[in-house]
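# Structural overview
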Amino acid sequence: MTIDDAPNVVSEEGLRMYVRQGFRLEVVCRAVPERRYNAWYGKWIIRAVSPDGLGEKLLVTSRSILKVREFKTLTGLVSFLQEFGFSVLSVPMEDGGRVQHTLPERLQEKAQG
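Structure report, in brief. (Residues numbered from 1 in each chain as written. Predicted model: local features only at pLDDT ≥ 70, side-chain atom pairs only at ≥ 80, totals over all residues. Heavy atoms only, no water.)

Three or more residues of helix α2 (residues 74-83) are buried, namely L74, L77, F80 and L81. The buried residues of α2 occupy an angular sector of 130° when the element is viewed end-on, so they sit on one face. With respect to the buried face of α2, the exposed residues turned more than 90 degrees away are T75 and E83. Buried positions along α2 lie against α1 (12-20), β2 (24-36), β3 (39-49), β4 (56-59), β5 (71-73) and β6 (98-101). Directly beyond the C-terminal end of α2, a positive phi value near 110° is found at G85. (Buried < 20%, exposed > 50% of the residue type's maximum accessible area, 1.4 Å probe, protein only. Helix = DSSP H or I, 4+ residues; strand = E, 2+ residues; numbered from the N terminus. Arc of directions from axis to C-beta. Contact = heavy atoms within 4.5 Å.)

Below you can see the structure in the form of structure tokens.
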């Protein structure tokens with residue numbers, strides 16, 4: 001099975017395209033994080049949510065391996081989101097918690113129409 005066979009998943013490359021088109025990134029906490037020394041460990045996943053809120057795609061590790069991408073450290077998650085252009089971040093710290101982030105309009109591509 002490839003990413004073309006699974007319409008509700010997206011690779012990092014595709015996720016970048018969707019975010020530039022106005023999709024929101026939703027961070028979902030999958031396990032209560034715990035602090036170990038000076039770092040937080042947990043499980044977070046990312047979904048792309050369409051501007052109308054009706055469509056969503058789950059971030060997978062690659063186009064050929066359809067495994068949900070999990071972020072296991074807060075540092076890794078924050079670094080990933082910052083690379084997309086998000087400068088203000090909020091992260092859910094309870095199992096099942098969800099937070100959405102929208103790229104500032106100045107960084108979004110305007111739809112050609």
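The next subject is unusual backbone geometry. In this structure, Y37 takes a positive phi of about 55° despite not being glycine. In this fold, Y37 is placed in the loop between β2 and β3.

The next thing to look at is the packing of aromatic side chains. Here the structure, examined in full by the defined rule, presents 3 aromatic pairs. Summarising the aromatic geometry, the rings of Y18 and F23 are spaced 4.6 Å apart at their centres and angled 45° between planes, so their arrangement reads as tilted. Between F71 and F80, the ring centres sit 4.9 Å apart and the planes meet at 50°, which makes this aromatic pair tilted. F71 sits in the buried class, given a relative accessible area of 4%. By way of ring pairs, the aromatic residues F71, F80 and F84 are connected into one cluster. Taking the ring centre of F84 as reference, the NZ or CZ of R16 above it sits at 4.3 Å. Directly above the ring of Y41 sits R36, whose terminal nitrogen or CZ lies 4.2 Å from the centroid. (Phe/Tyr/Trp six-rings, centres within 6.5 Å; stacked < 30°, edge-to-face > 60°. Lys NZ or Arg CZ within 6 Å of the ring centre and 35° of its normal.)

Per the stated rule, a full pass over the model turns up 7 salt bridges. One salt bridge connects E12 with R69, and the closest N-O pair in it is separated by 3.2 Å. Remark: R69 occurs in the loop between β4 and β5 and E12 occurs in helix α1; sequence separation between them is 57 residues. For R69, a relative accessible area of 25% gives the class partly exposed. E83 serves as the salt-bridge partner of R16, at 3.9 Å between the closest nitrogen and oxygen. Highlighted residues: R16 in helix α1 and E83 in helix α2, separated in sequence by 67 residues. A cluster of three or more residues bridged by salt bridges with shared partners is formed by E12, R16, R69 and E83. (Salt bridge = Lys/Arg side-chain N within 4 Å of Asp/Glu carboxyl O.)

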